[in-house]
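One letter stands for each residue in the lines below.
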Amino acid sequence: MATNMREKGVFMYVSNMEDYGHLVDPDYFPTKYLHNDMWQMKANRKDWENRYISPEYWKALSPTELNEMPCPDVFWFPIFTPRFCKELVELANDNGGWSDGSNNDPRLAGGYENVPTVDIHMNQMDFEQEWLWILRHYVKPLAEKVFLGYDSDARAIMNFIVRYRPTEQSFLRPHHDSSTYTINVGLNRPLIDYEGGGARFIRYNCSVVNTRVGWSLMHPGRLTHYHEGLQTTKGTRYIMVSFVDP
Ligand SMILES: [Fe+2]
C-alpha cells in the first residue's frame, strides 16, 4: 500500500504520537462475553494489567512496603482496578446463575453446602482458568510476602462471587473457610452501592467494614480465623471469594 501511495503521490502522515488502540489476534480474542477484554490476560498481558491491576498493587508487593493489617493476621491489599470489579459484577449479573443460598447445591460434588451463600462460581462464568491464573500471578506473591515461609500452590476449587442483600441473604453466620488462606475482594462501593456488610473475626472481636473496591482481605482459613459476614442493611453488596490451598 505504501509503495502505491508513494508512486501515485498521495500524501501520507504517519504518527506514533496518538494511541488508536492495537490489533488483536482473532484466534485468541473471544467475542462471546459481555467484557471480552477480561479474558486477555495471557494474549495481551500488558494492556490487561493496565486495565485491571491496580497501580497500587506493585507498591503493595514491594518487600519494603508495610501492608495494612486491620485485624490480627488479616491483611488488606489493593489488587484490582474499579473497572475490573465493575466488569466482574456485570459479567455475573449477565450470567445470572445465582444460587438460592440454600444448603442443597447441585453445583457441588456432594450436593450439599454447609455454609451457603447466594453466589456464582467462576466456572459458571467460564472464568475459572483465568481466575486461577490471576491467583498464581498476583495473589500468591502477596500471600508469600505476609505469611513468611509459606509456599503457596495458589490452588483453589471454590472461587465465587457472593451477593448480599437485605431482602435475600444479608449476612453469613460464623464459620471457618476450607482453605489455608482466603481472599475476599470488595467489588462495589460501601455507603454508595450498599450499607452495612463487612467481615468480623470472632476470636479477635475485630471487624473490617467499608471494604474498599478492588482491595482484597487475606486471612487464614482454618482454626484461627473463625469469622462471619456482617449484615448488609441497604442495597446490594458484592464480594469475590477464593478458598486458596484447600
Ligand atoms: Fe468465610
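Residues numbered from 1 in each chain as written. Predicted model: local features only at pLDDT ≥ 70, side-chain atom pairs only at ≥ 80, totals over all residues. Heavy atoms only, no water.

The protein carries the name Fe2OG dioxygenase domain-containing protein in an unreviewed UniProt entry, which gives Cherax quadricarinatus as its organism.

Undergrad: Go over the coordination of the iron ion, please, and point to the residues and values.
TA: Around the iron ion, the donor atoms from the protein are His175 (NE2), Asp177 (OD) and His227 (NE2), and they sit 2.0 to 2.2 Å away. Motif for the iron ion, donor spacing along one chain: H-x1-D-x49-H. Note that histidine 175 is positioned in strand S5 (residues 172-175) and histidine 227 in strand S11 (residues 227-229), a separation of 52 residues in sequence. Overall, the relative accessible area of 9% leaves histidine 175 in the buried class. Take histidine 227: its relative accessible area is 7%, and that puts it in the buried class. (Donors = N, O, S within 2.8 Å, 3.2 Å for Na, K, Ca; no water. Helix = DSSP H or I, 4+ residues; strand = E, 2+ residues; numbered from the N terminus. Buried < 20%, exposed > 50% of the residue type's maximum accessible area, 1.4 Å probe, protein only.)

Undergrad: Now, about the state of the cysteines: what can you tell me, with residues and values included?
TA: Scanning the model with the defined rule gives one disulfide in all. Note on cysteine connectivity: cysteine 71 is disulfide-linked to cysteine 206, with sulfurs 2.1 Å apart. Handedness here is read from the sign of the S-S torsion; for cysteine 71 and cysteine 206, about -85°, the answer is left-handed. You can see cysteine 71 sitting in strand S1 (residues 68-71) and its partner cysteine 206 sitting in strand S9 (residues 206-208), a full 135 residues away along the chain. Residue classification places cysteine 71 among the buried residues on the basis of a relative accessible area of 1%. For cysteine 206, a relative accessible area of 14% corresponds to the buried category. (Disulfide = S-S within 2.5 Å.)

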